[in-house]
Amino acid sequence: MTPADLLPPSLGPRRTFALVAGVERYDISHRWNLRGPARDALRFAHWLTGPAQVPPGNVRLLLSPLDAPESLDWSQSPAMAELRTAHWPATEENVKSALLDELPQCDGDLLWIFWAGHGYLGPRQELILPCADARPGQIRHLNLDSALRWWRTDLVKQRRFPLQAALVDSCRVDAPRDTRWNFGTTDYGGGSSVPGRRQFRLYASREGEAAQNDAERGAGRFTEALLGELGQRSVRESVTGLPGAARSIHRTFQERRERGEGWQLPQFVVDRDWDACSFLGLPGEDPFGAPTCRAARLDQRAWDGLGELFEGRELPRCAYEAYVWAFKVAGCAAPVGVGLPCDSLLDVVQDLDERQGGRGGMPLAVPFVRFLAERAAAGDAAWAARLRAWVGATRERLALPALPPPPPPPRRAVVHVRLETPPGGEPGFLARMWLRGERAEHIWESQGERLRLEGVREELVRQLALLGAEPHGIVDRIEFHVPYELLDADFDQWPVPRGRAGKHRALGLLYQVVVCCPEERADTRAEWHASWRWLCARGGRHPDAVRVVRDAEVTDALGMELAAGPAPACVLAHTTAAPDAGLLEAVLEAGVPVAVWRRGGGVPAPALLDLLAPAGADGRPDPGALDVLALPARVREVRRAAAGAGAGPVRAHQAPAGADQLVLLWDDPDDVPGLRSLA
């Protein structure tokens, strides 16, 4: 409970004011619409004007419901009847007018801000709350962090509103970086900070997490829990009890997570109690009074050993998998952020050691190293043995429990087909094929004979038939290593015999088919490798990993622009021109390892991002959720869906005709067998 002497003596219903907003309908797209926020806002307004007895004239109610406002439950009280006639749409103009013009002129002790709707994190991690009039060209919004900074300054008269509480039922995921969505920048400025003005912030989700909505009931889970805690409390009781209510809500959601009801259930962030101290306790201390079991920390001998083991080592491509598995095996939730926290092995272990581990006492660093040891065994047996020895010695010295074995890597066989132009420029191509499973195996070569592409296709079909009878595992990908002029060739359309009666299927329907061009990477090898390592360290997903390029951006400077950093690692061509009209040169010049385009040029309908990226919480394709490392499988899914759409009745989930003409450039620098010339 908050000590009573921290509250103004005059605090009561008549000196309490509120901004209450619920946004369900957005002008930007019907995909943004969601059901529940308007109902949540009305229920909070009902508590304010009911048990809390706040005069309805002190409440600024902004609603943009999916249905007509008359269809909402106004609870037939005189106060709610007054709000029914006084509420306004939740547009940016109305929000700013209420929050930055009207309410600061009121003489009050307590300001409530309640918002339900979509929420995003901007570039500086500020909370952006889109308004109902958000449009693609200008996503009008409330920058809540900037507004709260403004409310702490002397632009609000110094003796007014010493207490301010912001309660937000929204997601806190990264704002889309796609150039189609213009969030712009919003900063309301402010004057000098006023000492003694205190703010309490309570959010429905942590940074990077989505807040869950009960679609059937049309209510946010966070709002349900919040209103359950507020109950019949008065204004003073709600203020003094708000930290305790926050602890109770936190406990409820935490227990759900511990029961295994879902890793993605919402957790919220609490900023500060009214006395400006964190009421969740010190590190290592349970905020709810129960003793917390903490894992052991690495001792000096463990750190000395890791210093020797990791010296000069780059992050292996399995580092992100090892990082996530460490949290899973220790019995605790992985961090919300995207990818690894650092760019070196020692720094990653430092991050894990500072987080400690779960209730079983296992330091997170130990399963991380164990995972690295298992994956390193195939390529560097000596290093793997040293890693295993470190894990064994550390477990014995710190008396740690046993570890389950890490999951094996997915068993996959890849056929590499390399085509090379003869040195004399004669027609045809020199060819060689490898099978890459647990190891690389040479399976066929043209032996200096020049073949046309039809001859290469016939030999590939023969080799695939032979491999189908051998214990090589399932071949699921075919990678064509080709000269630049063949990057747009239709390898995925090559007919392959299938079944009886001479039936044929396109190669790209049966296998993941990609093209590679490692010979063009000689001048940008450092950028190429750095971009791929960056992508692997983030598990294939990151808001900056994917760049959609349009016609106007394909200039002589595009290559240098793409090469400015390791991101983007994937380019999606939203261009009408053929890829050899500048786009591919820019991709190769920049060292970007992955690109997707429509064969011959032309924009697929829908656009590539809509075809390939999963929809986010708002129903729109989310570039940050696109798993670039899974693109070969995803492109095959699109090709299969397009083939299904052409063969029968079109269904909503199928890709349109033309989506089977996608080309995927896939240059994995760790998987390039046989760079020696075939000549």
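Here, the structure is the one placed above.
Residues numbered from 1 in each chain as written. Predicted model: local features only at pLDDT ≥ 70, side-chain atom pairs only at ≥ 80, totals over all residues. Heavy atoms only, no water.

Caption draft 1: Layout of the overall build of the chain. The secondary structure content of the chain amounts to 18 helices and 22 strands. Expressed as a percentage of the 679 residues in the chain, the buried residues total 52%. Long-range pairs, those at least 24 residues apart, make up 75% of the contacts in the chain with a sequence separation of at least 6. Carbon and sulfur atoms form 50% of the exposed surface of the chain, whose accessible area is close to 29700 Å². (Helix = DSSP H or I, 4+ residues; strand = E, 2+ residues; numbered from the N terminus. Buried < 20%, exposed > 50% of the residue type's maximum accessible area, 1.4 Å probe, protein only. Contact = heavy atoms within 4.5 Å. Areas by Shrake-Rupley, 256 points an atom, 1.4 Å probe, with all protein chains shown as cover.)

Caption draft 2: A look at the pattern of salt bridges. Enumeration according to the criterion identifies 33 salt bridges in this entry. The closest approach of N and O atoms between arginine 15 and aspartate 109, which form a salt bridge, is 2.7 Å. Of the two residues, arginine 15 is situated in the segment before strand E1 (16-23) and aspartate 109 in the loop between helix H3 (92-102) and strand E3 (110-116); the sequence distance between them amounts to 94 residues. Judged by relative accessible area, arginine 15 falls into the partly exposed class, the value being 22%. Judged by its relative accessible area of 4%, aspartate 109 is buried. Members of the salt-bridge network, linked through shared partners, are Glu314, Arg317, Arg533, Asp668 and Asp670. (Salt bridge = Lys/Arg side-chain N within 4 Å of Asp/Glu carboxyl O.)

Caption draft 3: Broad picture of empty space enclosed by the protein. Counting across every chain of the model gives 3 cavities of 30 Å³ or more. Volume-wise, the largest cavity comes out at about 50 Å³. A class-by-class count of the residues in the lining of the largest cavity yields 2 nonpolar, 5 polar and 2 charged. (1 Å grid on protein atoms, 1.4 Å probe; cavity = no way out; pocket = protein on both sides within 12 Å on 5 of 7 lines; lining within 4 Å. Points joined across faces, edges and corners; volume = space filled by probe spheres on them. Nonpolar A, V, L, I, M, F, W, Y, C, P; charged D, E, K, R; others polar.)

Caption draft 4: The arrangement of the nonpolar core in detail. Within the largest apolar cluster, 47 residues are counted, with the highest numbers of intra-cluster contacts made by Leu460, Phe480, Phe491 and Leu507. Counting residues in hydrophobic clusters, the runner-up holds 42 residues, among them Cys106, Leu127, Ile139 and Phe183. (Core = buried A, V, L, I, M, F, W, Y, C linked by side-chain atoms within 4.5 Å.)

Caption draft 5: The arrangement of the packing of aromatic side chains in detail. All chains considered together, the criterion is met by 16 aromatic pairs. Measuring from ring centre to ring centre gives 5.2 Å for tyrosine 323 and phenylalanine 327, while their planes differ by 70 degrees; the resulting arrangement is edge-to-face. Of this pair, tyrosine 323 and phenylalanine 327 both sit in helix H8 (residues 319-330), 4 residues apart, which is roughly one turn of that helix. Like phenylalanine 327, tyrosine 323 is buried. An aromatic cluster of at least three residues, connected via ring pairs, comprises Phe17, Trp150, Trp151 and Phe161. In this structure, arginine 313 is placed above the aromatic ring of tryptophan 383, and the distance from its NZ or CZ to the ring centre is 4.2 Å. (Phe/Tyr/Trp six-rings, centres within 6.5 Å; stacked < 30°, edge-to-face > 60°. Lys NZ or Arg CZ within 6 Å of the ring centre and 35° of its normal.)

Caption draft 6: Structural detail: the environment of proline 495. As for its position among the elements, proline 495 is in strand E16 (residues 495-497). Counting along the chain gives 12 residues from proline 495 to leucine 507, while the straight-line C-alpha distance between them is 6.0 Å. Non-local contacts of proline 495, meaning those with residues more than four positions away in its chain, are made with Arg457, Val461, His504 and Arg505.

Caption draft 7: Just the sheet that holds strand E8 (residues 173-174), in detail. The 4 strands lie next to each other as E6-E5-E4-E8, forming an open sheet whose pairing is mixed. Each edge of the open sheet is held by one strand with a lone partner, namely strand E6 (141-143) and E8. Of the pairings in the sheet, the one linking strand E4 (residues 120-121) to strand E5 (residues 127-130) comprises 2 bridges and is antiparallel in character. Note that in E5 the partner of leucine 121 across the bridge is leucine 127. On the sheet, helix H4 (residues 144-151) packs against E5 and E6 and is oriented at approximately 50 degrees with respect to E6. (Pairing = 2+ DSSP bridges. Axes fitted to C-alpha atoms, helices over the stretch in contact; angles between N-to-C directions.)

Caption draft 8: Quick look at helix H9 (residues 345-355). Among the residues of H9, Leu345, Val348, Val349, Asp351, Leu352 and Asp353 are the ones counted as buried. On its buried side, H9 packs onto helix H7 (300-310), H8, helix H10 (365-376) and helix H11 (381-398).

Caption draft 9: Unusual backbone geometry, seen in detail. The omega angle of the peptide bond from alanine 567 to proline 568 is 5 degrees, so this bond is cis rather than trans. Within the chain, glutamine 53 stands out as a residue other than glycine whose phi angle is a positive 60 degrees. The topology assignment puts glutamine 53 in the loop between helix H1 (37-49) and strand E2 (59-64). Of note in this structure, phenylalanine 161 is not a glycine but carries a positive phi near 50 degrees. Here phenylalanine 161 is to be found in the loop between H4 and strand E7 (163-169).

Caption draft 10: Geometry of the side chain of histidine 87. Along the polypeptide, histidine 87 turns up in the loop between helix H2 (78-86) and H3. Judged by relative accessible area, histidine 87 falls into the buried class, the value being 18%. A polar atom in the side chain of histidine 87 sits 2.9 Å from the backbone oxygen of arginine 84. Residues in contact with histidine 87, not counting those within four places in the same chain, are Leu61, Leu63, Pro69 and Trp74. (Polar contact = N/O pair within 3.5 Å; in protein donor to acceptor, adjacent residues only side chain to side chain.)

Caption draft 11: Structural detail: the pairing of E7. The element E7 is largely enclosed, with a buried count of 7 among its 7 residues. In this sheet, E7 lies alongside E3 in parallel orientation, the contact comprising 7 bridges. Bridged to isoleucine 113 within E7 is alanine 166. Pairing analysis gives 6 bridges linking E7 to strand E9 (residues 198-203), with the strands arranged parallel. If you follow alanine 166 over to E9, its bridge partner there is arginine 201.

Caption draft 12: A positive patch on the surface, seen in detail. Judged by side-chain charge, Arg498, Lys503, Arg505 and Arg640 come together as a positively charged surface patch. With respect to the helices and strands, arginine 505 occurs in strand E17 (residues 504-506). On the basis of relative accessibility, which here comes to 39%, the residue arginine 505 falls in the partly exposed class. (Patch = residues over 30% accessible without salt bridge, like charges linked within 9 Å, V, L, I, M, F, W, Y side chains within 5 Å. Lys, Arg positive; Asp, Glu negative; His and termini not counted. Charge placed at Lys NZ, Arg CZ, Asp CG, Glu CD.)

Caption draft 13: Geometry of H3. Of the positions making up H3, those classed as buried are Glu92, Val95, Ala98, Leu99 and Leu100. End-on, the buried residues of H3 take up no more than an arc of 160 degrees, which puts them together on one face. The inward-facing, buried residues of H3 contact E1, E2, E3, E6 and H4. (Arc of directions from axis to C-beta.)

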